[in-house]
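Here is what each chain is made of, one letter per residue.
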Amino acid sequence: QKEVEQDPGPLSVPEGAIVSLNCTYSNSAFQYFMWYRQYSRKGPELLMYTYSSGNKEDGRFTAQVDKSSKYISLFIRDSQPSDSATYLCAMSAGGNQFYFGTGTSLTVIP
Amino acid sequence: KAGVTQTPRYLIKTRGQQVTLSCSPISGHRSVSWYQQTPGQGLQFLFEYFSETQRNKGNFPGRFSGRQFSNSRSEMNVSTLELGDSALYLCASSLRPGEGSPLHFGNGTRLTVT
């Protein structure tokens, strides 16, 4: 079983839709959670960074962590064509080794 | 503030050759990590350096090696290249190891082995 599971998609939504991206994990020691956005031919760009359980909001993006269910989510409100990218979840137990999901490919259709 | 810089952006090599990739971290970041990204496996951890010392190593053969210099810049080397080494190699820097200090990635070096 992989440490982090992420549905690869692809996910296609109309512009303005709410997008929900999810990851599950198996290691209960994970306490730092991140979401990255990766455009084609670019490196991953840090979007959200959260510690432990709870919600964090930044503009159109909301990250949720449910440690009891070992489940994290990223919500994108009012999705735009520029949000079309691959979204990667990542998590760490506190050392500097991070575990990544395989990424979900998102396309927002104008 | 400049981001993580990786050179070169693209490389084409032949099986059996060796290659060296370079990474300059964000100014002030002292921890550098390397990841291999492939469509099938996603991002896989190669190794992490802090203060010129390798702190962690992933599950890769000894053909993969790296080092960090006193100015925090890092290089990774792959010897005796195999076709399966074709991938995007990503360097990431962070302020310090531990405490989940988030990684900031460069745009990678795309290595193609023929």
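A short tour of the structure in this document, coming up.

Procedures and definitions
Every chain is numbered independently, its residues counted from 1 as its sequence is written. Following the order in which they are written, the chains are lettered starting with A and the ligands numbered starting with 1. Confidence filtering applies because this is a predicted model: local features only for residues at pLDDT of at least 70, side-chain atom pairs given and counted only at 80 or more, and all residues used for totals across whole chains, interfaces and linings. Each side-chain value is worked out from all heavy atoms of the structure, with water and hydrogens disregarded. Any two strands with at least two DSSP bridges between them are considered paired. Here a strand is any run of E in DSSP of at least two residues, a helix any run of H or I of at least four, and the numbering for each starts at the N terminus. Here the axes come from fitting lines to C-alpha atoms, over the contacting stretch only for helices, and the angles between their N-to-C directions go from 0 to 180 degrees. Grid points spaced at 1 Å and placed over the protein atoms alone form the basis of the search, with a cavity being a set where a 1.4 Å probe fits but cannot get out and a pocket an open set showing protein on both sides within 12 Å along at least five of seven lines. Lining residues have an atom within 4 Å of a point. Grid points are joined across faces, edges and corners, and a volume is the space filled by probe spheres set on the points. Pairing of aromatic rings covers Phe, Tyr and Trp, the last through its six-membered ring, and needs centres within 6.5 Å; plane angles under 30 degrees mean stacked, over 60 mean edge-to-face, and all others mean tilted. Summary of the burial criterion: residues with accessible area below 20% of their type's maximum are buried, those above 50% are exposed, and those between are partly exposed, where the area comes from a 1.4 Å probe applied to protein chains only.

**Things to note about the sheet that holds strand S7 (residues 64-68) of chain B**
Residues and elements named next belong to chain B.
1) Next: Strand order in this open sheet of 4 strands is S1-S3-S8-S7, and the pairing throughout is antiparallel. Each end of this open sheet is capped by a strand with a single partner; those strands are strand S1 (5-7) and S7. For this sheet the average axis-to-axis angle between neighbouring strands, irrespective of direction, equals 20 degrees.
2) Next: Pairing analysis gives 5 bridges linking strand S3 (residues 19-24) to strand S8 (residues 74-78), with the strands arranged antiparallel. When the bridges of S8 are listed, Leu 21 appears paired with Met 76.

**Structural notes on empty space enclosed by the protein**
Residue and element names in this part refer to chain A.
1) Next: For the structure on display, the rule yields 1 cavity of 30 Å³ or more.
2) Next: For the largest cavity, the calculated volume is near 30 Å³.
3) Next: What lines the largest cavity is Phe 33, Met 34, Trp 35, Met 48, Thr 50, Ala 63, Gln 64, Val 65, Ile 72 and Ser 73.
4) Next: Mapped onto the lining of the largest cavity, the elements with two or more residues apiece are strand S4 (32-38), strand S5 (45-51), strand S7 (61-66) and strand S8 (71-76).

**Thoughts on the packing of aromatic side chains**
1) Next: This structure, assessed with the given rule, holds 14 aromatic pairs over all chains.
2) Next: Residues Tyr 32 of chain A and Tyr 49 of chain A carry aromatic rings whose centres are separated by 6.4 Å and whose planes lie at 5 degrees to one another, so their mutual orientation is stacked. Here Tyr 32 of chain A, found in strand S4, pairs with Tyr 49 of chain A, found in strand S5; they are 17 residues apart in sequence, far enough to count as distant.
3) Next: Between Tyr 36 of chain A and Phe 105 of chain B, the ring centres sit 5.4 Å apart and the planes meet at 80 degrees, which makes this aromatic pair edge-to-face. Of this pair, Tyr 36 of chain A sits in strand S4 while Phe 105 of chain B sits in strand S10 (residues 104-105), each in a different chain. Across the pair, exposure class does not vary: Tyr 36 of chain A and Phe 105 of chain B are buried alike.
4) Next: Pairwise contacts between aromatic rings join Tyr 36 and Phe 100 of chain A together with Tyr 35, Phe 45 and Phe 105 of chain B into one cluster.

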